[in-house]
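# Fold and contact review
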Amino acid sequence: MKEMRTHTWIDDEIDRLDQELKRDIELGSLSNEELRLKWTGRKQGLLKSAFDEMMTRATTVEEKRAVGQSFNLLKASVENRIAIGEVSRSQRGMLDVTLPGTSQRLGAEHPLIRTSAEIVSVFQRLGYSVALGPEVETDFYNFESLNFPPNHPARDTQDTLVIAAQDAKPLRDRLLLRTHTSPVQIRSMIDGPPPLRLVIPGKVHRNEAADATHSPVFHQVEGLCVDTNITFSDLKGTLDHAMKALFGSSVKTRFFPSFFPFTEPSAAVQISCIFCGGKGCRKCKHSGWIELLGCGMVDPAVFQAVDQRRIELGREHAYDTGKISGFAFGMGVDRIAMMKYGISDIGLLYSGDMRFLEQFA
Ligand code: PHE
């Protein structure tokens, strides 16, 4: 026959806790969170300390089992009652439906992302596809394959942030933060044969002190076109069109000789000053022109490095310098965004200051 359970000190204690919880809920002076903390908090909750005390007081195995069972029941009901208590409290008038609601503020696209997307779409309309690559890059992709040999002074033009403790690796495998988006040119060519028309947006890093026009992190949009019979005129026509699409059809472009290890010949592109129309002003240092990007014809040494890697990976020889040619260009998104929106300090783009960002909503 089943033994009748008699009322014990355990039941008294549980009843006492039960009453106290009831009072706490009805009083309504504690929020749900505070109630939970007070009662079910893992370290200092009332349930935990009462349980510990009762377990110490219980002397027999039966008593300990009874304490455990009663507590399990109590604990399960506490959460429920706290939740229900909240509903009934709000029904008692704590919810005033005539008050204005809590407004959810809608985010807006960051000016850098917006500018980058705008540049990308100009090239997408010309049939370019978007390619992306990693921000943590190897020395091989960021420098060596782009014809910056180890120790070559051209490396000094892109002061680099490197990942620590990699001396055991061969130089070409060491990791760094990419200093430009050009390594994605290499990755894309190793991935697939020509023809290629790619536009490559992304974040890049350089070891530079921050001032009004420099930031150690900034953004670029890169372009790459590889096919048969691609000439410097194609490059000029493409960029002239792109600058007109971005800044207005009255903008003019001009090309100056420049140097990049991975393009030959290389050029710097200037546009007629969008502020004064070319007459000369403070923004263009009274020259009438603003330098905006670097470009050039892909250096045959780059095609050779790509093909060598393709062969190592068991892919076919696809970048025969006798048959194909190409052009590449790269531009700074931050500077273009600053020009477009009249931003005088690049740091604002990275500050996360809502008073600045709100203006773009
Ligand atoms: N990667 C170069 C830079 O960051 C820009 C560039 C890209 C120049 C492509 C030529 C061709 O300075």
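So, here's what we can say about the structure. Residue indices follow the written sequence of each chain, beginning from 1 at its first position. Restriction of local features to residues with pLDDT of at least 70 applies here, the model being predicted, together with a cutoff of 80 or more for giving and counting side-chain atom pairs; totals for whole chains, interfaces and linings are based on all residues. Values shown for side chains rest on all heavy atoms present in the structure; no hydrogens or waters enter the calculation.

## Notes on the overall build of the chain
Within the chain, the regular secondary structure consists of 11 helices and nine strands. On C-alpha atoms alone, the chain measures out to a radius of gyration of 34 Å, which is more than a quarter above the 21 Å that the 2.2 N^0.38 rule sets for 361 residues. Expressed as lengths along the three principal axes of its C-alpha atoms, the size of the chain is roughly 100 × 55 × 35 Å. Counting over 361 residues, the chain shows a buried share of 41%. Note on conventions: DSSP H or I runs of at least 4 residues are helices, E runs of at least 2 residues are strands, and numbering of each starts at the N terminus. Computation of the radius of gyration draws on C-alpha atoms, with the globule rule given as 2.2 Å multiplied by the number of residues to the power 0.38. The classification of residues rests on relative accessible area computed with a 1.4 Å probe and restricted to protein chains. Under 20% of the type maximum is buried, over 50% is exposed, and intermediate values are partly exposed.

## With respect to the side chain of glutamine 220
Along the chain, glutamine 220 falls in strand S5 (residues 217-227). Judged by its relative accessible area of 10%, glutamine 220 is buried. In this structure the side chain of glutamine 220 is engaged in a polar contact, spanning 2.9 Å, whose partner is the backbone nitrogen of threonine 181. Aside from chain neighbours lying at most four places away, what touches glutamine 220 is Thr179, His180, Thr181, Ile200, Pro201, Gly202, Val204, Arg206, Met331 and Val333. Polar contact is the term for a pair of N or O atoms within 3.5 Å; when the atoms are in protein, one must be able to donate a hydrogen and the other to accept it, and sequence-neighboring residues count only if both atoms are side-chain atoms. Any two residues whose heavy atoms approach within 4.5 Å are treated as being in contact.

## What about the pairing of strand S9 (residues 325-332)?
Taking burial as the measure, the eight residues of S9 include six buried ones, the bulk of the element. Taken together, the eight bridges between S5 and S9 define a ladder with antiparallel strand orientation. Across the sheet, valine 221 pairs through a bridge with methionine 331, a residue of S9. The pairing criterion for strands is at least two bridges between them, as found by DSSP.

## Points about the nonpolar core
In this description, a nonpolar core means a group of buried Ala, Val, Leu, Ile, Met, Phe, Trp, Tyr and Cys residues linked to one another through side-chain atoms lying within 4.5 Å. Grouped together as the largest cluster of nonpolar side chains are 42 residues, with contacts concentrated most on Phe123, Met243, Phe247 and Met331. Within the residue set of this core, elements represented by two or more residues are helix H5 (111-124), S5, helix H8 (232-247), strand S7 (263-272), strand S8 (289-298), S9 and helix H10 (333-341). Counting residues per element, this core draws most heavily on H8, at six residues. The next biggest cluster of nonpolar side chains, apart from the first, holds 26 residues, and it includes Tyr141, Leu146, Ile190 and Leu198.

## Quick notes on the site of the ligand
The environment of the ligand is made up of 15 residues, and the closest members are His180, Ser182, Arg206, Gln220 and Glu222. At 2.9 Å, a side-chain N or O of serine 182 approaches a nitrogen atom of the ligand. Contacts to the ligand include glutamine 220, whose side-chain N or O atom sits 2.9 Å from an oxygen atom. Protein chains shield 92% of the accessible area of the ligand, which is 330 Å² for the free molecule. At the level of secondary structure, the elements contributing two or more residues to the shell around the ligand comprise S5, S8 and S9. A per-element tally of the shell around the ligand places S9 first, with three residues. The classification used treats Ala, Val, Leu, Ile, Met, Phe, Trp, Tyr, Cys and Pro as nonpolar, Asp, Glu, Lys and Arg as charged, and all other residues, Gly among them, as polar. Grouping the constituent residues of the shell around the ligand by class yields five nonpolar, eight polar and two charged. By convention in this text, a residue qualifies as near a molecule or strand provided that one of its non-hydrogen atoms is within 4 Å of it. Accessible surface is estimated by sampling points in the Shrake-Rupley manner with a 1.4 Å probe; for residues, cover comes only from the protein chains shown.

## What to know about H5
Here a helix's expected span is defined as the number of its residues, less one, multiplied by 1.5 Å. Look at H5: 20 Å from first C-alpha to last across 14 residues, which is about the 20 Å you get at 1.5 Å a residue. Within the span of H5, buried status applies to Pro111, Leu112, Thr115, Ser116, Ile119, Val120, Val122 and Phe123.

## Focus on the packing of aromatic side chains
What describes a pair of aromatic rings is the distance from one ring centre to the other and the angle between the planes of the rings. Only Phe, Tyr and Trp rings take part, Trp by its six-membered ring, and two of them pair if their centres are within 6.5 Å. Stacked means planes under 30 degrees apart, edge-to-face means over 60, and tilted covers everything else. For the coordinates displayed, the defined rule picks out 12 aromatic pairs. With a centroid separation of 5.8 Å and an interplanar angle of 15°, the aromatic rings of phenylalanine 303 and tyrosine 319 are classed as stacked. Of this pair, phenylalanine 303 sits in helix H9 (residues 300-312) while tyrosine 319 sits in the loop between H9 and S9, placing them 16 residues apart in sequence. Assigned by exposure class, phenylalanine 303 and tyrosine 319 land together as buried. In textbook terms, an aromatic cluster arises when at least three aromatic residues are bridged by ring pairs, as seen for Phe123, Tyr128, Phe327 and Phe329. Above the face of the phenylalanine 247 ring, lysine 340 is positioned so that its terminal group lies 5.4 Å from the ring centre. Definition used: whenever NZ (Lys) or CZ (Arg) falls within 6 Å of the ring centre and also within 35 degrees of the ring normal, the charge is taken to sit over that ring.

## Details of a negative patch on the surface
A patch is a set of surface residues, each over 30% in relative accessible area and not in a salt bridge, joined within 9 Å for like charges and within 5 Å for the nonpolar side chains Val, Leu, Ile, Met, Phe, Trp and Tyr. What counts as a salt bridge is simple: a side-chain nitrogen of Lys or Arg found within 4 Å of a carboxyl oxygen of Asp or Glu. By the counting scheme adopted, Arg and Lys are positive, Glu and Asp are negative, and His together with the chain ends is not counted. Charged side chains are reduced to one point each, which is NZ for Lys, CZ for Arg, CG for Asp and CD for Glu. A cluster of acidic residues, Asp156, Asp159, Glu208, Asp211 and Asp345, forms a negative patch at the surface. Relative to the assigned elements, aspartate 159 resides in the loop between helix H6 (139-142) and strand S3 (175-177).

## Quick look at the pairing of S5
With 10 of 11 residues buried, S5 lies mostly within the body of the structure. The sheet contact formed by strand S4 (residues 196-205) and S5 spans 10 bridges and is antiparallel. Among the inter-strand pairings, histidine 205 is bridged to a residue of S5, identified as valine 217.

## Some remarks on the side chain of serine 188
Within the secondary structure layout, serine 188 lies in helix H7 (residues 183-191). Once residues within four sequence positions are removed from consideration, serine 188 is found in contact with Ala131, Leu196 and Leu198.

## Quick word on the pattern of salt bridges
Summed over all chains, the structure comprises 15 salt bridges. Here glutamate 312 and arginine 309 are joined by a salt bridge, their closest N and O atoms 2.7 Å apart. Of this pair, glutamate 312 and arginine 309 both sit in helix H9, separated by three residues, roughly a single helical turn. Judged by relative accessible area, glutamate 312 falls into the partly exposed class, the value being 47%.

## Details of the state of the cysteines
The criterion for a disulfide is a pair of cysteine sulfur atoms lying within 2.5 Å. In total, this model carries zero disulfides according to the counting rule given. Sulfur of cysteine 276: no disulfide; nearest cysteine sulfur belongs to cysteine 273 and is 3.6 Å away. The buried category is assigned to cysteine 276, whose relative accessible area is 13%. The thiol of cysteine 295 is not disulfide-bonded; the next cysteine sulfur, from cysteine 225, is found 13 Å away.

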